Each structure stands twice: as structure tokens, then as C-alpha cells.
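Here is what each chain is made of, one letter per residue.
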Amino acid sequence: AHRHADQPACHLSVLDGEEALDLHAVESTHSLRVCNPPGGRFPVHASSTGKVLLTWAPDDVRGQILAKPLRRYTSHTITSARALRQELDRIRERNYAVDNREYDPYTWCAAAPIRGRAGRCVAALGLSAVASRLTAAQRRAVCRAVLAAAAEVSCSLGCSAVTRPEAAPKRGAA
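In every chain, residue numbers begin from 1 and rise along the written sequence. Only residues with pLDDT of at least 70 get local features here, since the model is predicted, and only at 80 or more are side-chain atom pairs given and counted; chain-wide, interface and lining totals rely on the full set of residues. To obtain the side-chain values, all non-hydrogen atoms of the structure were used and water was disregarded.

Brief notes about the overall build of the chain
Just so we agree on the cut-off: A run of DSSP states H or I qualifies as a helix once it reaches four residues; a run of E qualifies as a strand once it reaches two. Both are numbered from the N-terminal end. Only protein chains enter the accessibility calculation, which uses a 1.4 Å probe; a residue whose area is less than 20% of its type maximum is buried, one above 50% is exposed, and one in between is partly exposed. Note on areas: Shrake-Rupley, 1.4 Å probe, and residue coverage restricted to the protein chains presented here.
A tally of helices and strands in the chain yields 4 helices and 6 strands. Beginning at the N terminus, the succession of helices and strands in the chain can be written as β-β-β-α-α-α-β-β-β-α. In the chain, which comprises 174 residues, the proportion classed as buried is 48%. Approximately 8700 Å² of the chain is accessible, and the part contributed by carbon and sulfur atoms is 53%.

Below you can see the structure in the form of C-alpha cells.
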């Protein structure tokens, strides 16, 4: 389902300490692309997969991370605990996260939770692309695609309560 000529890169991440750890990746075939090799680590406050994992992390883990200074990676990085809490609330509401040049100034990413049998977030599925190559309509399509793919994986793991892609996002939401 992922392999079209101009698809974004796809990566699977888990929470490892206070970072998102990429376990698996499928690169885009486009000549100008984002590469997230397995084993890559990303800050949870500045990456889409990280923000998904942080949103559904245990309260004590989330509290520890929010209590520490949040490093700025680009001019778009969220560095305020208050602003990050608001972002996590939005993510919980819509069931996906976006990283719009927050970690890398050239990268746009969307991610959604993968849920296990009990409905708990066990991983995050992310799609990443070069930000300048995506129109607003394409960004919305990527958000719908990541929601659909994460729902499919979650269902295969036995989770029945997942957000369907038709629930979001609408025009202007991504």
C-alpha cells in the first residue's frame, strides 16, 4: 500500500527512555527524500512519532519529560512545556501528530499511534517527506494515509477501537 512513485518515507517508532527510536523504515523512491534509518533516535517533543508516543506515554514519563528544558532544533521547535501540553491535547483529540520542520528545517512528518489488543499505544507509525514538496492538500492526504495505515496495523494487533481515516483531517487542518 505504501509503494507509489512519490510516496513519503515510512517509519515505525517506539518510546525508548525519552526518545523516539526508529525500529523499521521504508524509504521513499523519490530522488529528493527524507531518510530515517532504523536505530535513529529523535526527541519526543520535536518529532511527529515522538509526540504521538509522548501523548500516550504513562503520566510519570510525560511529566518527567515536560519538567526538563525542551531543546530548540529549528525556529519551529516547541520549547515551552505549556505549548507542548497544548499540542499533546490536540494530538489526543485528532489521533495524529505533525512535525512541521520542528526537528529538521526541511522535513514535514505526520504520525499516528499503533495500538495493541488493550487499546494502549505500543508504537507510532510516521510518514515523512521534504516539506517544500508537499502542498496543503498533499499534507492532508498524508495525514489520512498515516491514520489509515496505523488503524490497519492496530486492528491486526487485535485492537478494535481505532480512529478511522475518514474522521480527520479536514481542509486547513494539516
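Having put the structure on the table, let's press on.
Points about the confidence of the model for the chain
Rules: For every residue, the predictor states its confidence as a pLDDT score lying anywhere from 0 to 100. Any pair of residues with heavy atoms lying within 4.5 Å of one another is described as a contacting pair.
Residue-level pLDDT values for the chain average 84, and 79% of them are 70 or greater. Helix H1 (residues 48-55) holds the highest mean pLDDT among the elements of the chain, 97, whereas strand S2 (residues 19-26) holds the lowest, 76. Here residues 1-5 is modelled with pLDDT under 50, and outside its nearest four sequence neighbours on either side it reaches 16 contacts, counting other chains as well. Predicted confidence is poor over residues 164-168, with pLDDT under 50, and the contacts of this stretch with residues over four places away or in other chains come to 9 contacts.

Observations regarding the packing of aromatic side chains
Where we set the bar: Geometry of aromatic contacts follows a simple scheme: Phe, Tyr and Trp rings, the Trp one being its six-membered ring, pair when their centres are within 6.5 Å, and the pair is stacked under 30 degrees between planes, edge-to-face over 60, tilted otherwise. Comment: the charge-over-ring label is applied if NZ (Lys) or CZ (Arg) is within 6 Å of the ring centre and within 35 degrees of the ring normal.
With the rule as written, the count across this model stands at 2 aromatic pairs. With a centroid separation of 5.0 Å and 55° between ring planes, the pair formed by Tyr73 and Tyr103 is classed as tilted. Taken together, the residues span a long stretch of sequence, with Tyr73 in the loop between helix H2 (59-66) and helix H3 (81-94) and Tyr103 in the loop between strand S4 (97-100) and strand S5 (107-115) at a distance of 30 residues. Here the aromatic residues Phe42, Tyr73 and Tyr103 are joined through ring pairs into a cluster of three or more. Looking at Arg94, its charged tip hangs above the ring of Tyr96, at a distance of 4.7 Å from the centre. In this structure, Arg115 is placed above the aromatic ring of Trp56, and the distance from its NZ or CZ to the ring centre is 4.6 Å.

Details of the pairing of strand S6 (residues 121-130)
Note the cut-off: Strand pairing is assigned whenever DSSP detects at least two bridges linking the two strands.
Burial analysis of S6 places 9 of its 10 residues in the buried class, the great majority of the element. Pairing geometry for strand S1 (residues 9-16) and S6, over 5 bridges, is antiparallel. Bridge pairing links Ala9 to Ser128 in S6. When S5 meets S6, the two strands line up antiparallel, connected through 9 bridges. For Cys109, the partnering residue across the bridge sits in S6 and is Ser128. Counted between consecutive antiparallel strands, the loop separating S5 from S6 contains 5 residues, among which Gly119 sits at a positive phi close to 90°.

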